Amino acid sequence: MKKSQVLQAWGKILTGQFPSLSIEITKECPLRCPGCYAFDAAHLGGETQLRQLSDYRGDELVQRILALVDEYKPLHLSLVGGDPLVRYRELEILVPQLEARGIHTQIVTSAFRVIPPEWAKFKRVYVVVSIDGLQPEHDERRKPATYERILKSISEARVTIHSTITSTFASRPGYLEEFVRFWSGRPEIARIWFSLFTPQRGATDPEILTTSQRISVMEELLCLRRLYPILEMPEELIREIATPPKSPEECIFAQTTQTLSADLKTKITPCQFGGDPDCEQCGCIASMGLAAVGRHPVAGSLTAGRIFMASAKVGKGWKRAQQILAFRKPSSLGEAEPFTILPS
Ligand code: SF4
Ligand code: SF4
């Protein structure tokens, strides 16, 4: 993260805004991946599920996304799903407009469909392809977006490979290196990222890593990043695997990102996983990246993270004050009623 971006983000936080916006632009996905958090029953808090929401398409989707972008003015936008490429026609219209607005946009997809080659010319548009391990495991988990199909879909594109490490991958010596070696040799690949599987609290998914697996994955990634520069994960970020936030309140990523679901109004909290995620087993690369930024000393024992968190409190207070002012109604005598402190 550049210094100028940190300062811009800080400015937004101080005024109660979110520097990052993530939008599930569709509820549809042709895949049925095991462990998918978007279609987990807890994702939207338990009362509704993603597939039950009404979503948009066509020009209405394009206009509504642009309206949200103009309202939130994010520095960084993630378009996720479902699979955003289900709405590829809409994306072909949206992407140039987002680039023209100067917004850094990340499109996260399974690459079940061809990535438009012309997106490679945009400076601020990044396509992230999710891959669940080496071909046998990936193809089993993510068909129809198999290795063969992905290789065709990205053949004229430039993409980031993102893989979520599960207990199965962590238990096989040399697995991660084999994965990095396979993808690092290809001209379409700009960088490789890893996350670790993040469960909901109390979950027993087979994907969950043990504590010792987390530590050995961390050590392996620290070695791999030196051998394969395409593994674009700084050492400080990787070391965050050992000390994830204890709660969403301690997570800079959760505090600085607004996530909206497919009806473009349901807010997903406390972070993109929704539900009640187990922060102490978190392995989300975005959370680790911002936690690493947050550890940078600013003056003495004061870190960037402590300034961000204090600013977020100030920003939320400022936003609440604005909302209170908006609720202020004239009394029957035509005078203003006293301000009311709304519950948070
Ligand atoms: S591609 Fe993504 S959204 Fe679709 S099922 Fe798989 S993990 Fe879930
Ligand atoms: S990103 Fe990870 S640490 Fe942050 S709130 Fe979500 S689960 Fe917790």
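Calculation rules
- Residues numbered from 1 in each chain as written.
- Chains lettered and ligands numbered in written order.
- Predicted model: local features only at pLDDT ≥ 70, side-chain atom pairs only at ≥ 80, totals over all residues.
- Helix = DSSP H or I, 4+ residues; strand = E, 2+ residues; numbered from the N terminus.
- Buried ≥ 20, exposed ≤ 12 C-beta atoms within 10 Å, placed from the backbone.
- Near = placed C-beta within 6 Å.
- Nonpolar A, V, L, I, M, F, W, Y, C, P; charged D, E, K, R; others polar.
- Expected span 1.5 Å × (residues − 1).
- Arc of directions from axis to C-beta.
- Contact = placed C-beta atoms within 7 Å.
- Pairing = 2+ DSSP bridges.
- Right-handed = clockwise from strand over helix to strand, strands pointing away.
- pLDDT = per-residue confidence, 0-100.
- Core = buried A, V, L, I, M, F, W, Y, C linked by C-beta atoms within 7 Å.

Let's shift gears to the environment of Leu227. Here Leu227 lies in helix α8 (residues 211-227). Residue classification places Leu227 among the exposed residues on the basis of 12 C-beta atoms within 10 Å. Distance in space between the C-alpha atoms of Leu227 and Val180 is 10.0 Å, their sequence separation being 47 residues.

Below, the discussion takes up helix α11 (residues 285-294). The buried count for α11 comes to 8 of 10 residues, which makes it a mostly enclosed element. Taken residue by residue, α11 has Ala286, Ser287, Met288, Leu290, Ala291, Ala292, Val293 and Gly294 as its buried positions.

So, on to the site of ligand 1. Neighbouring residues of ligand 1: Cys29, Leu31, Arg32, Cys33, Cys36, Ala38, Phe39, Gly81, Gly82, Asp83 and Ser110. A per-class count over the shell around ligand 1 returns 6 nonpolar, 3 polar and 2 charged.

Moving on, we come to α8. The end-to-end C-alpha distance of α8, which contains 17 residues, comes to 25 Å, matching closely the 24 Å that a straight helix rising 1.5 Å per residue would cover. Among all positions of α8, only Arg214, Val217, Glu220, Leu221 and Leu224 are buried. In a view along the axis of α8, the buried residues occupy a sector of 130°, so they form one face of it. In α8, those exposed residues whose orientation departs by more than 90 degrees from the buried face are Thr211, Ser212, Cys223 and Arg226. For α8, the elements touching its buried residues are β5 (159-165), α6 (167-170), α7 (175-184), β6 (189-196) and α9 (235-239).

Time to look at the site of ligand 2. Around ligand 2 sit 15 residues in total, of which Cys251, Cys271, Pro277, Cys279 and Cys282 are the nearest. Looking at the shell around ligand 2, its residues break down into 13 nonpolar, 2 polar and no charged.

This paragraph deals with the pairing of strand β2 (residues 76-80). When a strand is regular, its side chains alternate between the sheet's two faces. Counting buried positions over the 5 residues of β2 gives 5, a clear majority of the element. Side chains of β2 alternate between two faces, with His76, Ser78 and Val80 and Leu77 and Leu79 buried alike. Pairing of strand β1 (residues 20-24) with β2, which is carried by 5 bridges, proceeds in the parallel orientation. Across the sheet, residue Ser20 finds its bridge partner in β2, namely His76. Handedness of the β1-helix α2 (residues 58-72)-β2 crossover: right-handed. In this fold, β2 hands off to helix α3 (residues 88-100), which returns the chain to strand β3 (residues 104-109); that crossover is right-handed.

Let us now look at the pairing of β1. The buried fraction of β1 is high, at 5 of 5 residues. Because side chains alternate across β1, one face comprises the buried residues Ser20, Ser22 and Glu24, and the other comprises Leu21 and Ile23, equally buried. Looking at chain direction, β1 and strand β7 (residues 257-260) are connected through 4 bridges and run parallel. Counted as the bridge partner of Ile23 is Leu260 from β7.

A word on the confidence of the model for the chain. The pLDDT averaged across the chain works out to 89; a share of 87% of its residues lies at or above 70. Segment residues 328-344 is flagged for pLDDT under 50; beyond a separation of four residues in sequence, or across chains, it makes 13 contacts in the model.

Counting 70 residues, the largest nonpolar core has Val129, Ile165, Val180, Val217 and Phe253 as the members making the most contacts within it. For this core, the leading source of residues is α11, giving 6 residues. Ignoring any residue separated from it by four or fewer positions in sequence, one finds Val217 in contact with Ile165, Ala170, Leu196, Leu209 and Ile241.

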